[in-house]
Amino acid sequence: MRLSRDKVNKRAHTVADALASLEPVEFLADRNTIRIEARRILEELLKEEEKIDAAARQKIENQRRTILEGTQEWDILYRKYYNEEVKRLGI
């Protein structure tokens, strides 16, 4: 899933705010540093998800016959290949 920079920043703010609201959590760095690190982690996760998505789509494209996106068969194969890639990467 592709998210704009603003949406990633909004989610990073949400993560930092949620952590700050937890009673046993105490920040050793300022909240902005926490937000920046949360954004970095979210961006890394989104990049990994894009790689998994591309690999699953490539496997479908490599089938002997053309399978149209949006069909039930395509959806089933996509989920299958997506899950295989996730397992292969150990996520």
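The structure this text deals with has already been given above.
Note that the structure is a prediction, hence the values are computed from the model and not measured.

Inspection of the entire model under this criterion finds two aromatic pairs. Each ring, one from W74 and one from Y78, has its centre 5.1 Å from the other, and the planes form 10 degrees; the classification is stacked. You can see W74 and its partner Y78 sitting in helix α3 (residues 72-89), four residues apart, about one turn around the helix. Between Y78 and Y82 the ring centres are 5.7 Å apart and the planes differ by 35 degrees, which places this aromatic pair in the tilted class. One end of the pair, Y78, and the other, Y82, are both in helix α3, four residues apart, so they sit about a helical turn from each other. Under the relative-accessibility criterion, Y78 is labelled buried at 16%. An aromatic cluster of three or more residues is present, and its members are W74, Y78 and Y82.

Attention now moves to the side chain of R39. By the secondary structure assignment, R39 is in helix α2 (residues 31-61). Not counting residues up to four positions away in its chain, the partners in contact with R39 are R5, V8, N9 and A12.

This paragraph deals with the packing of helix α1 (residues 5-21) against α2. Across the interface, α1 lies against α2 with an axial gap of 8 Å and an inter-helix angle of 125 degrees. Considering the angle they form, α1 stands oblique to α2. At the point where α1 passes α2, the crossing takes the right-handed sense. Contacts from R5, V8, N9, R11, A12, H13, V15, A16, D17, L19 and A20 in α1 reach R31, I34, R35, A38, R39, L42, E43 and L46 in α2. For the contact of α1 with α2, the per-class residue count stands at 10 nonpolar, two polar and seven charged.

Criteria and thresholds
Residues numbered from 1 in each chain as written. Predicted model: local features only at pLDDT ≥ 70, side-chain atom pairs only at ≥ 80, totals over all residues. Heavy atoms only, no water. Phe/Tyr/Trp six-rings, centres within 6.5 Å; stacked < 30°, edge-to-face > 60°. Helix = DSSP H or I, 4+ residues; strand = E, 2+ residues; numbered from the N terminus. Buried < 20%, exposed > 50% of the residue type's maximum accessible area, 1.4 Å probe, protein only. Contact = heavy atoms within 4.5 Å. Axes fitted to C-alpha atoms, helices over the stretch in contact; angles between N-to-C directions. Parallel < 35°, antiparallel > 145°, perpendicular 65-115°, else oblique. Left-handed = near helix turned anticlockwise from the far one by under 90°. Nonpolar A, V, L, I, M, F, W, Y, C, P; charged D, E, K, R; others polar.

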